[in-house]
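# Examining the three-dimensional arrangement
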Amino acid sequence: MGFSCGIVGLPNVGKSTLFNALSNAKAEAANFPFCTVEPNVGIVPVPDERLDRLAELYKTKSKVPTSLRFVDIAGLVRGASKGEGLGNQFLANIREVDAIAHVVRCFVDENVTHVDGRVDPVADVQTIQTELVLRDLDSVSKRLDKARKMAKGGSAVERAAAGLCERLEKHLDAGKLAASFQADGEVEAEILKELQLLTSKRMFYVANVDEGSLGALDRNPHLAALRAHAAAEGAAVVPICARLEAQIAELDPADRPEFLAGAGLTEAGLNQVIRTGYQLLGLITFLTAGEKECRAWTIPKGWLAPQAAGVIHTDFERGFIKAEVIDWRDLLQYGSEAKCREAGKARIEGKGYEVQDGDVVHFRFNT
């Protein structure tokens, strides 16, 4: 599994349309609020040209890409933190995701209702963030009450929790996100992690634009406003046309390149969303290859060879001896592992080796 991503936004911004395009799960999409009445979960294979080309080289019997888990919930509205709208019921479903994709409407269409009667992406972002902050405030308040009661029994951890929650409550009450809050020490950091606050998640924006804007994104004033707002937060913006992505998802994979070219695109929006998520979370992909199987594996950047081996099987990490590593480009250039060895392109690495994106690895271990 690569990472899990929650999809949030106001009603009618294109969330479910995007979810359908991403996962082909066919969540119901319609022109009225609260159409998605259950949280939709889609497991999406990650497109990876490197894996495809290695599978061709090895004439492999099985090709296994890494995958992402997308969670789409009902549109949130003002007052969601207090129970307004159906989105409130499903906020808990995104507490455990790694990142949040905030879909924002950056198109004008009189036939698609906006819950506030106007298209204003920055105001929409502020509405969603306010509701997430208020929900986090509620969680922190409950944890603070518990900590104060239990601290009376002399628990050092609960005293730390009380101090943390008191500061965090003030931070959130000022309208700030939990992501900008600094815990003091390991104990507080662990308590903060256990709270699973919504605004502590890494977040990026998906700007849903009209098809006509794709070739002239700089001339879309709504996208420009969102980009300026995101830049102030240090957040990424991925502009896509969700309606077009849904059409692409319906096509046979062989027909997609021609369709993309006709729309003036070089790749589907899914690729951009995945790449942004990987960069945001600091993730990379290494590969294993052979005649039986070619497979992609996702790990955090900076992991050492034994840790990467453990993703395949815990025995690989426990009994790690060494790893043979070949860059995927060298493998394709030379055509085989044997020729890579002859050319000095195959390396034997030990426990201190930091696995790189695109490494093709054979682990050697002893159990």
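What you see is a predicted model, and the numbers here were worked out from it, not measured in a lab.

### Description of the pattern of salt bridges
Counting across every chain of the model gives 20 salt bridges. Across the pair Arg-50 and Asp-48 runs a salt bridge whose closest N-O atoms are separated by 3.0 Å. Both residues of the pair, Arg-50 and Asp-48, count as buried. In this structure, Arg-295 engages Glu-293 in a salt bridge whose closest nitrogen and oxygen atoms are separated by 3.9 Å. Glu-293 gets classed as partly exposed once you look at its relative accessible area, which sits at 30%. Connected via shared salt-bridge partners are Asp-48, Arg-50 and Asp-357.

### Points about the sheet that holds strand S5 (residues 99-105)
On the basis of which strands lie adjacent, the open sheet formed by six strands has the order S2-S4-S1-S5-S6-S7 and mixed pairing. Strands at the two margins of the open sheet, each flanked by one partner only, are strand S2 (40-45) and strand S7 (237-240). Pairs of neighbouring strands in the sheet enclose a mean axial angle of 25°, with direction left out of account.

### Quick look at unusual backbone geometry
For Asn-12, which is not glycine, the phi dihedral falls at a positive 65°. Counting through the fold element by element, Asn-12 comes out in the loop between strand S1 (4-8) and helix H1 (15-23). Despite not being glycine, Lys-59 shows a phi value in the positive range, around 50°. With respect to the element layout, Lys-59 can be found in the loop between helix H2 (49-58) and strand S3 (63-64).

### Here we look at helix H6 (residues 221-233)
In a regular helix each residue adds 1.5 Å, so 13 residues correspond to 18 Å; H6 covers 19 Å between its end C-alpha atoms and thus fits that length. Along H6, the residues that are buried comprise His-222, Leu-223, Leu-226, His-229 and Ala-230. When H6 is viewed along its axis, its buried side chains cluster within an angular range of 130° and face the same direction. Exposed and oriented more than 90 degrees from the buried face of H6 are Pro-221, Ala-231 and Ala-232. Gly-234 sits one or two residues past H6 and shows a positive phi near 75°.

### Concerning the pairing of strand S9 (residues 294-300)
Among the seven residues of S9, five are classified as buried, and the element is accordingly described as predominantly covered. Here S3 runs beside S9; their pairing, made up of two bridges, is parallel. Counterpart to Val-64 in the pairing with S9 is Arg-295.

### Observations regarding the nonpolar core
Formed by 55 residues in total, the largest nonpolar core has its most connected members in Phe-70, Ile-94, Phe-204, Tyr-205, Val-206 and Leu-226. If near-sequence neighbours (up to four positions away) are discounted, Val-206 is found in contact with Leu-18, Ala-101, His-102, Val-103, Val-104, Val-238, Ile-240 and Val-273. Counting 17 residues, the second largest nonpolar core, distinct from the first, contains Ala-161, Leu-168, Ile-191 and Leu-192.

### A look at the side chain of Thr-66
Its location among the elements puts Thr-66 in the loop between S3 and strand S4 (67-72). Residue classification places Thr-66 among the buried residues on the basis of a relative accessible area of 5%. A polar side-chain atom of Thr-66 sits 3.1 Å from a polar atom in the side chain of Thr-298.

Definitions and limits used
- Residues numbered from 1 in each chain as written.
- Predicted model: local features only at pLDDT ≥ 70, side-chain atom pairs only at ≥ 80, totals over all residues.
- Heavy atoms only, no water.
- Salt bridge = Lys/Arg side-chain N within 4 Å of Asp/Glu carboxyl O.
- Buried < 20%, exposed > 50% of the residue type's maximum accessible area, 1.4 Å probe, protein only.
- Pairing = 2+ DSSP bridges.
- Helix = DSSP H or I, 4+ residues; strand = E, 2+ residues; numbered from the N terminus.
- Axes fitted to C-alpha atoms, helices over the stretch in contact; angles between N-to-C directions.
- Expected span 1.5 Å × (residues − 1).
- Arc of directions from axis to C-beta.
- Core = buried A, V, L, I, M, F, W, Y, C linked by side-chain atoms within 4.5 Å.
- Contact = heavy atoms within 4.5 Å.
- Polar contact = N/O pair within 3.5 Å; in protein donor to acceptor, adjacent residues only side chain to side chain.

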